[in-house]
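# Results of the structural survey
Chain by chain, the residues run as shown.
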Amino acid sequence: MVSRPAIRIATIGVAIGLAVMIVTVSVVLGFKHTIRDKVVGFGGHIQVHNVLLFNDADPYTICVTDSLMDAISQIQGVNHVERYSITQGLLKTDDDFLGVAFKGVGPEFNTTFLKEHLVEGEMPQFSDSTSHYQLLMSKMIADKLQLKAGDKVFAYFIADDVKTRKFTISGIYQTNMTRFDESLCFTDLYAVNRLNGWDKESCTGIGATVENLDLLPQTEEAFINNINHSHDGKGNMMTSRTIYETYPQVFMWLELLDINVWIILALMVCVAGFTMISGLLIIILERTQMIGIMKALGARNKTVRHTFLWFSVFIIGQGMLWGNIIGIGIVLIQQYTGIISLDPQTYYVSEAPMELNIPLILLLDAVTLFICIFVLIAPSYLISHIHPAKSMRYE
């Protein structure tokens, strides 16, 4: 029978198209959310700084009092608030040296993100009142300087004079985010403030995380109304920026992935649609004699068309079933095994991240079904041009 291969080809076309769409959307969602969470882990969703910090390289500070922390914490949508200070220094070993940024954080610092990416040693106990000069550095920095957890390293800080401190490497993290891993170390807020010559209340800024990222614009608006252009306890004017404004290059790059997704989705829908059109036309031509008999018995063109369209829906449904099984299966296998690996230097992740979004998959199913049925309406009118007298003699 001619129709059996046509049905198989149409079914396979729909299945492959839908499976590719599911995998593509899952990869892009997983990739975007993974990179976003890594960037947020280093600085929060919203950062509050001295307004002069954005226009000058000098380390301008803000006065962070308990009342300011409470005011930011009470802004609707804010989940967590933490202080930080930054200074620049030089790590020196017997054989090498490297310039890095030291980020000092206090006891309220959320260590969840860094603990998830800790590869050696343990997290330091961050403090704002004393310091044991413990250091958390990236694996990239540790490898360059040939250091490991437990080692001691000298750091030099050059301002009006040269200050030297001896740090103990408490732990080593690895996020594969090159722009952070190659230059960022974590230590006590107290240590960085002392090195900068700042008092206890002075900090580079405040990082705030939000409860719901989808409501970030509303929370940002609240910061603009309550924090921006207001003054701290020392008369410094404050301002805020979202993570998207702080690292625009990263998020613009992620947005470019959406264009690729739309292109792939369009191509796969076209593949599914064209295979269904081809399959329907072959089936109609193969069943010409049957169509003629149905018309001779009194069936109207509309009835015959609907019969073939319903048969096409069955084929599409069968293809979508297999497409979902294959697509979701690939996503689950990757989630649990990480069998598909990537170059972390290029993609910031060591394995392809995939996120299974059931509502989005159901939407893909619905759109695929609708488009496939819609493109079959025009070819189905071929049935109207089949004449019973001629078709019954057709072989």
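Within every chain, residues take consecutive numbers counted from 1 along the sequence as written. Local features in this predicted model are restricted to residues whose pLDDT is 70 or higher, and side-chain atom pairs enter the listing and the counts only when it is 80 or higher, whereas totals over whole chains, interfaces and linings include all residues. Only heavy atoms go into the side-chain values, all of them from the structure, while hydrogens and water stay out.

### With respect to the packing of aromatic side chains
Heads up, the rule is: What counts as a ring pair is set by centres within 6.5 Å for rings of Phe, Tyr and Trp (its six-membered ring), and what kind of pair is set by the plane angle: stacked under 30 degrees, edge-to-face over 60, tilted for all other angles. Here a helix means four or more residues in a row that DSSP labels H or I, a strand means two or more in a row labelled E, and each is numbered from the N terminus. Only protein chains enter the calculation, and the probe is 1.4 Å; a residue is then buried if its accessible area is under 20% of its type maximum, exposed if over 50%, and partly exposed in between. Look at NZ for Lys and CZ for Arg. If either is within 6 Å of the ring centre and within 35 degrees of the ring normal, a charge sits over the ring.
Evaluation of the coordinates by the stated rule reveals 15 aromatic pairs. Here Phe-42 and Phe-186 contribute two aromatic rings whose centre-to-centre distance is 6.3 Å and whose plane-to-plane angle is 20°, an arrangement assigned as stacked. Of this pair, Phe-42 sits in helix α1 (residues 3-43) while Phe-186 sits in strand β9 (residues 184-188), and the two are 144 residues apart along the sequence. Take Phe-42 and Phe-186: they sit in the same class, and that class is buried. Note on Phe-180 and Tyr-247: the rings are 5.3 Å apart at their centroids and 75° apart in plane angle, and the pair reads as edge-to-face. Linking Phe-180 in helix α5 (residues 178-181) with Tyr-247 in the loop between α8 (243-246) and α9 (248-286), this pair joins segments that are 67 residues apart in sequence. Given a relative accessible area of 6%, Phe-180 falls into the buried group. According to the relative accessible area criterion, Tyr-247 is buried, its value standing at 13%. Through pairs of rings, three or more aromatic residues link up here, namely Phe-42, Phe-109, Phe-113, Phe-126, Tyr-173, Phe-180, Phe-186 and Tyr-247. The side chain of Lys-103 reaches across the aromatic face of Tyr-84, ending 4.6 Å from its centre.

### A look at helix α6 (residues 189-196)
Worth spelling out the cut-off: Any two residues whose heavy atoms approach within 4.5 Å are treated as being in contact.
Among all positions of α6, only Leu-189, Ala-191, Val-192, Asn-193 and Leu-195 are buried. Contact partners of the buried residues in α6: β3 (78-92), β4 (97-105), β7 (152-158), β8 (162-173), β9 and β10 (202-203).

### Quick look at the layout of surface pockets
Short version of the rule: In the cavity and pocket records, a cavity denotes points on a 1 Å grid over the protein atoms alone where a 1.4 Å probe fits but cannot get out, a pocket denotes an open set with protein on both sides within 12 Å along at least 5 of 7 lines, and lining residues are residues with an atom within 4 Å of a point. Grid points are joined across faces, edges and corners, and a volume is the space filled by probe spheres set on the points. Gly falls in the polar group here, along with every residue not listed as nonpolar (Ala, Val, Leu, Ile, Met, Phe, Trp, Tyr, Cys, Pro) or charged (Asp, Glu, Lys, Arg).
Empty space within the second largest pocket amounts to approximately 470 Å³. In terms of lining residues, the second largest pocket is bounded by 25 residues, among which Asp-37, Lys-38, Val-40, Gly-41 and Phe-113 are the most central. Where the lining of the second largest pocket is concerned, the elements lending two or more residues are α1, β3, α3 (112-116) and β11 (205-210). Counting residues per element, the lining of the second largest pocket draws most heavily on α1, which supplies nine residues. Among the residues forming the lining of the second largest pocket, the class breakdown is six nonpolar, 13 polar and six charged.

### Overview of the pattern of salt bridges
Operational definition: In the sections that follow, a salt bridge refers to a side-chain nitrogen of Lys or Arg positioned within 4 Å of a carboxyl oxygen of Asp or Glu.
For the structure on display, the rule yields seven salt bridges. Where Arg-36 meets Asp-37, a salt bridge forms, and the shortest distance between an N and an O atom there is 3.4 Å. Two residues, Arg-83 and Glu-108, come together in a salt bridge whose shortest N-O distance is 2.9 Å. With a gap of 25 residues between them, Arg-83 in strand β3 and Glu-108 in the loop between β4 and α3 connect regions that are remote in the sequence. Among the ionic contacts, a cluster of salt bridges with common partners joins Arg-83, Glu-108 and Asp-128.

### Comments concerning the environment of Thr-242
Here Thr-242 shows up in strand β12 (residues 238-242). Every residue in contact with Thr-242, bar those within four places of it in the chain, is listed here: His-45, Ile-46, Leu-216 and Glu-220.

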